Each structure stands twice: as structure tokens, then as C-alpha cells.
Amino acid sequence: DGDEFEWYYEARNGGWWRYETRQETELEAAFAEEKDRLELLIAGHVYVVDLQLMLQYRKDQPARRRTIKRNRCSVAIDIKGIAGLRIE
Ligand code: V3L
């Protein structure tokens with residue numbers, strides 16, 4: 001299905017991590033609703049995802065940001081794994 005999208009956050013040393021499926025669904029819904037931002041609970045911490053600037057950061061550590069990407073499934077990118085679980 002060429003109209004499906006996947007969501008990624010950047011790896012610190014190059015490449016991309018895919019968000020877990022449930023969070024991808026939340027991200028896609030927020031994007032469709034044209035929300036400016038949403039909050040996700042990740043490993044017990046609240047993260048802010050800014051859909052205007054397309055970045056995420058832990059709410060209490062806003063300087064440690066990661067770029068995010070909404071990627072069409074048919075477009076190949078350098079994927080390291082999903083939510084910290086390595087592929088390969
Ligand atoms: N989903 C899952 N875990 C996350 C996410 C997310 N959206 N955002 C941050 N973490 P920070 P390298 C990542 C984890 O940004 O060295 C990867 O998933 C984050 O996990 O400083 O970048 C890997 O597991 C990190 O463990 O707030 O390639 C790991 O980093 C922790 O939250 C190493 O990946 C702090 O991230």
C-alpha cells in the first residue's frame with residue numbers, strides 16, 4: 001500500500017529508529033489532525049513530539065532532541081531497528 005507511512009526518530013550516530021507500532025498510530029493520527037505536538041510515554045518518561053519542527057525530546061530534558069521523520073513505506077531509508085530493538 002503506497003499510501004502508508006512509517007515514523008522514525010534519529011539515531012545519534014547515523015541512521016533511524018522506527019517508532020513502535022502503537023506510537024506510530026498515535027503520531028499518524030496527530031499528524032492527520034494537524035496537531036502541533038503530542039506527548040508520548042517512552043520507557044517511563046514523557047516525551048514531546050513537535051510536529052512543526054519535526055523533533056522529539058524528553059519533556060524534562062528538552063536540549064537532548066532528536067529529529068523525526070514521517071517516511072512513505074515505499075521509500076527505503078537506513079533503519080537500525082524498532083524502538084531500540086536492532087534489525088540484523
Ligand atoms: N522510542 C523508543 N526509545 C526511545 C525513543 C523512542 N521514540 N526516544 C528515545 N528513546 P534521549 P543510538 C534510543 C530512548 O533522546 O545510539 C534507541 O532506541 C533512547 O533509545 O536522549 O541513538 C536505542 O535504544 C535512549 O535509550 O532522551 O543509535 C538507543 O537510543 C533513551 O530513550 C541507542 O541508539 C534516551 O534518549
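Before reading further, recall that the structure is shown in the block above.
K.L.:
Would you mind going over the sheet that holds strand β4 (residues 45–50) with me for this structure?
P.N.:
Sheet strands associate in pairs through backbone hydrogen bonding, adopting either a parallel or an antiparallel arrangement. Pairing in this open sheet of 8 strands is mixed, and the strands run β3-β4-β5-β6-β1-β2-β7-β8 from one edge to the other. Only two strands of the sheet have a single partner each, and these edge strands are β3 (37–42) and β8 (85–86). Where strand β2 (residues 16–18) lies against strand β7 (residues 79–82), 3 bridges are found, and the strand directions are parallel. When the sheet's bridge partners are listed, Arg18 is paired in β7 with Ile82. Lying on the sheet, helix α1 (residues 21–32) is in contact with β1 (5–10), β2, β3, β4 and β6 (61–72); it crosses β3 at an angle near 170°.

K.L.:
In this structure, what is going on with the pattern of salt bridges? I would like to understand it.
P.N.:
Opposite charge on two side chains permits pairing when their charged atoms draw close. Inspection of every chain in the model, using the stated rule, returns 8 salt bridges. One salt bridge in this structure joins Arg37 and Glu39, with 3.9 Å as the shortest N-O distance. What makes Arg37 partly exposed here is its relative accessible area of 43%. Here the residues in one salt-bridge network are Glu6, Arg18 and Glu24, joined through shared partners.

K.L.:
I'm lost on the site of the ligand in this one. Help?
P.N.:
For the ligand, the set of nearby residues contains 14 residues, the closest of which are Tyr9, Arg12, Tyr47, Arg64 and Arg66. With respect to the ligand, the side chain of Tyr9 contributes an N or O atom lying 2.6 Å from an oxygen atom. Within the side chain of Trp17, one N or O atom sits 3.1 Å away from an oxygen atom of the ligand. In the complex, the protein chains occlude 75% of the 690 Å² of accessible area that the ligand would expose alone. Taken together, the residues that form the shell around the ligand break down as 7 nonpolar, 3 polar and 4 charged.

K.L.:
Explain the side chain of Glu24 to me, please; I cannot follow it from the model alone.
P.N.:
By the secondary structure assignment, Glu24 is in helix α1. Side-chain polar atoms of Glu24 contact the backbone nitrogen of Trp7, separated by 2.9 Å. A distance of 2.7 Å separates polar atoms of two side chains, one belonging to Glu24 and the other to Arg18. With residues near it in sequence (within four places) discarded, Glu24 still touches Glu6, Trp7, Arg18 and Tyr19.

K.L.:
Got a minute to help me understand unusual backbone geometry in this structure?
P.N.:
Note: most peptide bonds trans; most residues except glycine with negative phi. Phi angles above zero are rare outside glycine, and Ala43 is one such case at about 50°. Checked against the element boundaries, Ala43 lands in the loop between β3 and β4. Residue Ala43 is classed as exposed on the basis of its relative accessible area, which comes to 75%. The backbone phi angle of Met54 is positive, close to 55°, even though this residue is not glycine. Along the chain, Met54 falls in the loop between β4 and β5 (55–58).

About the cut-offs
Residues numbered from 1 in each chain as written. Predicted model: local features only at pLDDT ≥ 70, side-chain atom pairs only at ≥ 80, totals over all residues. Heavy atoms only, no water. Pairing = 2+ DSSP bridges. Helix = DSSP H or I, 4+ residues; strand = E, 2+ residues; numbered from the N terminus. Contact = heavy atoms within 4.5 Å. Axes fitted to C-alpha atoms, helices over the stretch in contact; angles between N-to-C directions. Salt bridge = Lys/Arg side-chain N within 4 Å of Asp/Glu carboxyl O. Buried < 20%, exposed > 50% of the residue type's maximum accessible area, 1.4 Å probe, protein only. Near = heavy atom within 4 Å. Polar contact = N/O pair within 3.5 Å; in protein donor to acceptor, adjacent residues only side chain to side chain. Areas by Shrake-Rupley, 256 points an atom, 1.4 Å probe, with all protein chains shown as cover. Nonpolar A, V, L, I, M, F, W, Y, C, P; charged D, E, K, R; others polar.

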